[in-house]
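# Fold and geometry: a report
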Amino acid sequence: MKKIAIIGAGFGGLSAALDLIKAGNDVTIFEGLDHPGGLASGFKQADWEWSVEKFYHHWFTSDRSMFDLFDELGLCSKVIIRTPKTVMYYKGKFFPFDSIPAAILYPGLGWGINKIRFGLVGVYLRLTNNWKPMEATTVDAWMRKWAGKKVYEEMWEPMLIGKFGERFSHQVNMAWMWARMHARTTSLATYEGGFQAFADDFARILQEKGVKIVYNTKVDTIAAKDGQVQLTIAGKTEIYDQVLVTVSPAQLAGMAPGLRADYLKELLNLQNLGAVVMVVSLKHQLSREGYYWYNLPKKEGYPFLALVEHTNFMDKVHYNNEHIIYCGDYLENGHEYFNLSEEELLQRFMPSFKRINPDFEPDWVNHTWVFKANYAQPVPFLNHSKNIPAIETPIPGLYFASMSQVYPWDRGTNFAVEIARRAAKLMLAR
Ligand SMILES: Cc1cc2nc3c(=O)[nH]c(=O)nc-3n(C[C@H](O)[C@H](O)[C@H](O)COP(=O)(O)OP(=O)(O)OC[C@H]3O[C@@H](n4cnc5c(N)ncnc54)[C@H](O)[C@@H]3O)c2cc1C
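Computed from a predicted model, the values in this text were never measured in an experiment.

What follows deals with the sheet that holds strand β2 (residues 26–30). Strand order in this open sheet of five strands is β10-β2-β1-β14-β20, and the pairing throughout is parallel. The outermost strands of the open sheet, each flanked by one partner alone, are β10 (212–214) and β20 (398–400). Across the sheet, the axes of successive neighbouring strands diverge by a mean angle of 20°, strand direction being ignored.

Once that is clear, we can look at the environment of glycine 10. Structurally, glycine 10 is set in the loop between β1 (3–7) and α1 (11–22). C-alpha of glycine 10 to C-alpha of valine 417: the two residues are 407 residues apart in sequence and 9.3 Å apart in space. Ignoring sequence-local partners within four residues, the contact set of glycine 10 consists of Gly37, Gly38, Leu39, Ala40, Thr246 and Ala416.

So, about the site of the ligand. Near the ligand, the surroundings consist of 36 residues, among which Gly8, Gly10, Gly12, Gly38 and Gly412 are the closest. Secondary-structure elements contributing two or more residues to the shell around the ligand are α1, β15 (272–282), β19 (365–378) and α12 (413–429). Class assignment for the residues of the shell around the ligand results in 18 nonpolar, 15 polar and three charged. There are two domains that each give the shell around the ligand at least three residues, and those are domain 1 (3–46 + 193–270 + 383–429) and domain 2 (52–96 + 186–192 + 272–378).

Here we take up the packing of helix α4 (residues 113–127) against helix α6 (residues 149–168). Closest axis-to-axis distance for the α4/α6 pair is 9 Å, and the angle between their directions is 70°. By the angle between their axes, α4 is roughly perpendicular relative to α6. Considering how the two elements wind past one another, α4 and α6 form a crossing that is right-handed. Residues Asn114, Arg117 and Phe118 of α4 form the contact with α6, whose own contacting residues are Lys150, Val151 and Met155. Classifying every residue of the contact of α4 with α6 gives three nonpolar, one polar and two charged.

Our focus in this paragraph is the pairing of strand β17 (residues 306–309). Of the two faces of β17, the one carrying Ala306 and Val308 and the one carrying Leu307 and Glu309 are both buried. Where strand β16 (residues 293–295) lies against β17, three bridges are found, and the strand directions are antiparallel. Paired with tryptophan 293 across the two strands is valine 308, which belongs to β17. Direction of pairing for β17 relative to strand β18 (residues 323–331): antiparallel, over a ladder of four bridges. Residue pairing for β18: alanine 306 is matched across the bridge by glycine 328.

Take the domain arrangement of the chain next. The assigned domain composition of the chain is domain 1 (3–46 + 193–270 + 383–429), domain 2 (52–96 + 186–192 + 272–378) and domain 3 (99–183). At the interface, six residues of domain 1 touch ten residues of domain 3. Its residues assigned to classes, the side of domain 1 that touches domain 3 comprises two nonpolar, three polar and one charged.

Structurally, glycine 37 can be placed in the loop between β2 and β3 (42–43). The spacing of glycine 37 and alanine 9 is 28 residues in sequence and 6.1 Å in space, taken between C-alpha atoms. When sequence neighbours within four positions are dropped, the list of residues in contact with glycine 37 reads Gly10, Gly42, Phe195, Gln196 and Ala199.

Right, let's talk about the sheet that holds strand β13 (residues 236–240) for a bit. Here three strands make up an open sheet; going across it, the order is β11-β12-β13 and the pairing antiparallel. The sheet is open, and its two edges are formed by β11 (221–225) and β13, each paired on a single side. Adjacent strand axes in the sheet meet at a mean angle of 30° when their direction is disregarded. Pairing of strand β12 (residues 228–233) with β13 involves five bridges; the strand directions are antiparallel. If you follow isoleucine 233 over to β13, its bridge partner there is lysine 236.

Basis of the calculations
Residues numbered from 1 in each chain as written. Predicted model: local features only at pLDDT ≥ 70, side-chain atom pairs only at ≥ 80, totals over all residues. Pairing = 2+ DSSP bridges. Helix = DSSP H or I, 4+ residues; strand = E, 2+ residues; numbered from the N terminus. Axes fitted to C-alpha atoms, helices over the stretch in contact; angles between N-to-C directions. Contact = placed C-beta atoms within 7 Å. Near = placed C-beta within 6 Å. Nonpolar A, V, L, I, M, F, W, Y, C, P; charged D, E, K, R; others polar. Domains from an automatic or database assignment. Parallel < 35°, antiparallel > 145°, perpendicular 65-115°, else oblique. Left-handed = near helix turned anticlockwise from the far one by under 90°. Buried ≥ 20, exposed ≤ 12 C-beta atoms within 10 Å, placed from the backbone.

This is the structure:
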């Protein structure tokens, strides 16, 4: 039996713990917050039946690692699948864009060659599995060549700018775009009670199996110690045979300065964006048409990237009949939104609500909550596969599984589960 610590009770840390405890080890998870779930965790008002995520979340029905996990935990009956509507902007209006017929009817590409090129590129990316050569070229170059300037600038460039910002958007590699288009589904899933309810159920099952989860406890430092790993927690040291870290690369570099220089350099060279998300409870439905996800083009003056009306996906009855919307954006750390107050952000965002529903009035707002994360979206540059730090670090017994090592897939809870279980397999093989 090995004595193992996991740093972080996000979906990754919890999943690794499952495999490590099942193999008969002594497993402790240290979590800085007072609840499991990490970036996918949620919050709840006293009069809500269900929680909502701090940052909007759903699963795709193609999220194999997640669905296998539900099955393994006996929780499939709590998974809810729906097909809510996603829309794209064109000349002041929003049009559905989540199925082949909807894409055909979308007016933004006209009816000629552009629509044909858009369709052919979409079908090719959906069918091919040959993503590796695509990482040597940017989305910008690949799409301009194969989909054409009009299609790229109308459809993909605004999404890339929204997701990665002006600085990085033209450097993102095409394998990342392939992965998004290859694997995503229009059917989306969530969990009865929200993602937090799943994290709570998962944590409870792990505790029943013997995993110790220590909340409100931040690990400060990690160092090698005679072939084992030493953690410092609130000034005290503890020794483990193996440790799995699931925090950001920059955090790991700060916690373990004794890592070999080349590995530290790899960690620190990785780039990412943060996220600022405002959750708003409204008295009335915002989208008259019942749309779930609005892709908003910043060049048209929208001050954030996505407006998500959660209660057009899950029934408002679970939230005391309040209508829940998210205003979300990915931003470089240091962007002014990280410093604006909740009220200042609301004043910036509210004019967009009126553009979506002209009847909207400020007195529709019941409450707001703002959530900010510095580490939200890794940036995959050209040939990113060569820049990914290994799961097995140069410190014997120390392993690392983070969003930045998920590739070519876009990060998500499904891939947090997948990479953490891969890490657990490596740990068990030692
Ligand atoms: C805006 C936004 C939208 C998203 N939408 C989706 C979506 O729709 N679907 C989806 O599947 N995924 C989505 N994701 C991604 C998803 O949230 C992540 O991929 C996933 O939660 C990562 O899990 P993780 O376990 O790797 O890391 P995390 O969830 O980041 O977990 C790391 C944990 O470590 C803890 N920790 C940090 N430092 C310490 C320390 N020193 N000591 C102890 N504990 C520490 C943290 O508190 C945290 O709980 C979204 C993310 C964002 C930001």
